[in-house]
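Single-letter residue listing:
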Amino acid sequence: MPQEVRIFDDAPALAEAAARFVIDAAQAAVAQHGRFHWVLSGGGTPRELYATLARPEFSKDMPWTQVYIYFGDERCVPPDHEDSNYRMTQDAMLRHVPIPPDHVLRFRTEAEPAVAAREYEEAVRASAPRDADNRPVVDLTLLGVGKDGHTASLFPGTPIMNEQQRLAAEVYVDKLQAWRVSLTLPVFHHARAALVLAAGESKADVVYEALHTEAGAELPIRQAEPRNGEVSWYLDRTAGARLGEEG
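Residues numbered from 1 in each chain as written. Predicted model: local features only at pLDDT ≥ 70, side-chain atom pairs only at ≥ 80, totals over all residues. Heavy atoms only, no water.

Engineer: Would you mind showing me how to read the environment of Pro 63 here?
Structural biologist: Relative to the assigned elements, Pro 63 resides in the loop between α3 (56–59) and β3 (67–71). Taking the relative accessible area as the measure of exposure, Pro 63 reaches 17% and is therefore buried. Note: C-alpha distance between Pro 63 and Ala 114 (51 residues apart in sequence) is 34 Å. Sequence-distant contacts of Pro 63, defined by excluding residues within four places in its chain, comprise Ala 26, Gln 27 and Val 30. (Helix = DSSP H or I, 4+ residues; strand = E, 2+ residues; numbered from the N terminus. Buried < 20%, exposed > 50% of the residue type's maximum accessible area, 1.4 Å probe, protein only. Contact = heavy atoms within 4.5 Å.)

Pasting the structure below:
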């Protein structure tokens, strides 16, 4: 279960609090081992966070030259496509801040899904620090949550949920009739911390299920929690509206 659940009045307040969370995590990581390895999420709520981090009053406190960016997942579209998580992140944040371009590791979705996933696994292994068992360890994973409880492209009932060896894999999401590429549970399990963001009335039911029911523990968003790291949920008031109900 998360160590921290915080509810904010609205989406802007949520984005600003999340930005301060990320800045604090980045500064702590750089002080500890000289770099901040951060896995990003797609989606509207993370976009607000990224845009906030690009604002001068927040950006000045972020150690951008020591930040290394990874993507939790990607749609199989060109990097300049309007549906691309990479493009969204570039538009909202990355092109506006002084992060070295070679510190941003994107999925090469110009390739076939299986090739893109294999190449990304190799890139993660080459870039991220490793633990005593040679497993990549990132400092923070940013997790969105879908109405079905998915996070990244870890959808309920898909084969990628069972992947324990590969660090990135391709997955066909039947209900979307589309291929995705995604980091796998082992990467999320060995992160030092996770921040879950949820905003909007449409997320109230899944937030309640994830945090207040036995079945919620089986949702991908809960399965992606770090095994030994801290987990924080930051919600706006509408996403957290049901949390006062009896479980």
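Engineer: Can you walk me through the environment of Tyr 86 in this structure?
Structural biologist: Along the chain, the position of Tyr 86 falls in helix α4 (residues 85–92). As a C-alpha pair, Tyr 86 and Gly 42 span 44 residues in sequence and 8.3 Å in three-dimensional space. Discounting chain neighbours no more than four positions away, the residues touching Tyr 86 are Phe 71, Glu 74, Pro 79, Val 104 and Arg 106.

Engineer: Sorry, what's going on with the packing of aromatic side chains here?
Structural biologist: Here the distance between the centres and the angle between the planes together describe a pair of aromatic rings. Tallying each qualifying case throughout the model produces seven aromatic pairs. Here the aromatic rings of Trp 38 and Tyr 50 are separated by 6.2 Å at their centres, their planes lie at 75°, and the arrangement is edge-to-face. You can see Trp 38 sitting in strand β2 (residues 36–40) and its partner Tyr 50 sitting in helix α2 (residues 44–53), a full 12 residues away along the chain. Taken individually, Trp 38 and Tyr 50 each receive the classification buried, so the pair is uniform in this respect. When the ring of Phe 71 is compared with that of Tyr 86, the centres are 6.0 Å apart and the planes differ by 65°; the resulting orientation is edge-to-face. Here Tyr 86 lies in helix α4 and Phe 71 lies in strand β3, a separation of 15 residues in the sequence. A relative accessible area of 2% means that Phe 71 is categorised as buried. Aromatic ring contacts, followed pair by pair, group Phe 8, Phe 21 and Tyr 234 into a single cluster. For the cation-ring pair, Arg 106 lies above Tyr 86, with the distance from its terminal atom to the ring centre recorded as 5.5 Å. The residue whose ring lies beneath Arg 242 is Tyr 208, and the NZ or CZ to ring-centre distance is 4.1 Å. (Phe/Tyr/Trp six-rings, centres within 6.5 Å; stacked < 30°, edge-to-face > 60°. Lys NZ or Arg CZ within 6 Å of the ring centre and 35° of its normal.)

Engineer: Hey, could you run me through unusual backbone geometry in this one?
Structural biologist: Peptide bonds are trans in most cases, and residues, glycine excluded, mostly fall at negative phi. Even without being glycine, Asn 134 reaches a positive phi, approximately 70°. Here Asn 134 shows up in the loop between α5 (113–127) and β5 (140–143). For Ala 152, which is not glycine, the phi dihedral falls at a positive 50°.

Engineer: Honestly, the sheet that holds strand β4 (residues 73–75) in this entry has me stumped. Any pointers?
Structural biologist: Strand pairing in a sheet relies on backbone hydrogen bonds, with the paired strands running either antiparallel or parallel. The three strands are arranged β4-β7-β6 in an open sheet whose pairing can be described as antiparallel. Every other strand in the sheet has two partners, leaving β4 and β6 (168–173) as the edge strands with one partner each. Adjacent strand axes in the sheet meet at a mean angle of 25° when their direction is disregarded. α5 rests against β6 and β7 (178–183) of the sheet, and its axis sits at about 150° to β6. (Pairing = 2+ DSSP bridges. Axes fitted to C-alpha atoms, helices over the stretch in contact; angles between N-to-C directions.)

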